[in-house]
Amino acid sequence: MKPLAIFGGTFDPVHLGHLSVAWEASELLDAEVRLMPASVPPHRPPPTASAPQRVAMLRAALQGQSRLALDTRELERAGPSYTIDTLIELRAEQGGRPLVLLIGADAFAGLPGWHRWRELFDLAHVGVLSRPGMDAVLPDELQREISGRRVGEAAAWRHASAGKVIELAVTPLEISATRIRELLASGREPRYLLPAGLFDTAGLLSPYRASR
Ligand code: ATP
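Every value quoted in this text rests on a predicted model; they were computed, and no experiment measured them.

### Notes on unusual backbone geometry
Of the consecutive residues Asp12 and Pro13, the connecting peptide bond is found in the cis state with omega at 0°. For Asp30, which is not a glycine, the phi torsion comes out positive at approximately 50°. Summarising the element assignment, Asp30 is placed in the loop between helix H1 (16-29) and strand E2 (32-37). Although it is not a glycine, Arg116 adopts a positive phi angle of roughly 50°. Mapping Arg116 onto the fold places it in the loop between helix H5 (105-109) and helix H6 (120-123). Taking relative accessible area as the criterion, Arg116 reaches 37% and is therefore assigned partly exposed.

If you want it as structure tokens, here you go:
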């Protein structure tokens, strides 16, 4: 069975940076990839768009392909979206199947701030996606935790169900949801930074427009 990779985020809104790195990760790892929107991200301010609005955008973005799927379990759970709880649930469902938690390089540097972060490595591999403009220095405690865990994408990590840190050299795309929200709020139309489906369905981007 192919490994299962999870790509979590606020997706406020989902953009071509997310989709492109998720797609490339699925190719590099030969894995099933699920995009998993977070309901109440513990580490950040609340999203601009509501959970149903973010799901509608993700559905529109994922249409017409079968490699990337959507998993809304964190939105269905009450309370904050702790990744550790999601991985415990997935591990119980998936048995010994290799699980990979995909994280952008910027978010990875902040891992020690995550709830029960060291236990994440007991449940999944971590796939670190390179991200331009985010040359974050890894904190010492994270460096110590991952030394000895680092492997390349081609290495024999798939024989283990969890515990490795896989560096994924994906095509750099300097796109962020923050920038897209700023552009939309100032009346711009960032058509080629977002999937076309977000413009084609009326109202999907209205949470970000100044006139809302
Ligand atoms: P914001 O600007 O609102 O912080 P974002 O663009 O970083 O949003 P998130 O939904 O917060 O998007 O990100 C989810 C995950 O996707 C994170 O692990 C983040 O590092 C990663 N990610 C987002 N954009 C890119 C990109 N262009 N390249 C690589 N990874 C990315």
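### Considerations on the side chain of Asp71
Mapped onto the secondary structure, Asp71 falls in the loop between strand E3 (68-70) and helix H3 (73-76). Looking at Asp71, its side chain comes within polar contact range of the main-chain nitrogen of Arg73, at 3.1 Å.

### Regarding the packing of aromatic side chains
This model, assessed by the stated rule, comprises one aromatic pair. Positioned above the aromatic ring of Trp23 is the side chain of Arg67, whose terminal nitrogen or guanidinium carbon lies 5.1 Å from the ring centre.

### Some points on helix H4 (residues 83-94)
Across its 12 residues, H4 extends 16 Å between first and last C-alpha, which sits within 8% of the 16 Å expected from 1.5 Å per residue. When H4 is considered as a whole, its buried residues turn out to be Thr83, Ile84, Thr86, Leu87, Leu90, Arg91 and Gln94. Considered in projection along H4, the buried side chains sweep an arc of 155° and stay on one side of the axis. Check the buried side of H4 and you find it contacts strand E1 (4-9), E2, H3, strand E4 (99-104) and H6. Positioned one or two residues after H4, Gly95 has a phi angle of 60°, which is positive.

### Quick word on the environment of Arg118
In this structure, Arg118 sits in the loop between H5 and H6. Separated by 59 residues in the primary sequence, Arg118 and Arg59 have C-alpha atoms spaced 32 Å apart.

How each quantity is defined
- Residues numbered from 1 in each chain as written.
- Predicted model: local features only at pLDDT ≥ 70, side-chain atom pairs only at ≥ 80, totals over all residues.
- Heavy atoms only, no water.
- Helix = DSSP H or I, 4+ residues; strand = E, 2+ residues; numbered from the N terminus.
- Buried < 20%, exposed > 50% of the residue type's maximum accessible area, 1.4 Å probe, protein only.
- Polar contact = N/O pair within 3.5 Å; in protein donor to acceptor, adjacent residues only side chain to side chain.
- Phe/Tyr/Trp six-rings, centres within 6.5 Å; stacked < 30°, edge-to-face > 60°.
- Lys NZ or Arg CZ within 6 Å of the ring centre and 35° of its normal.
- Expected span 1.5 Å × (residues − 1).
- Arc of directions from axis to C-beta.
- Contact = heavy atoms within 4.5 Å.

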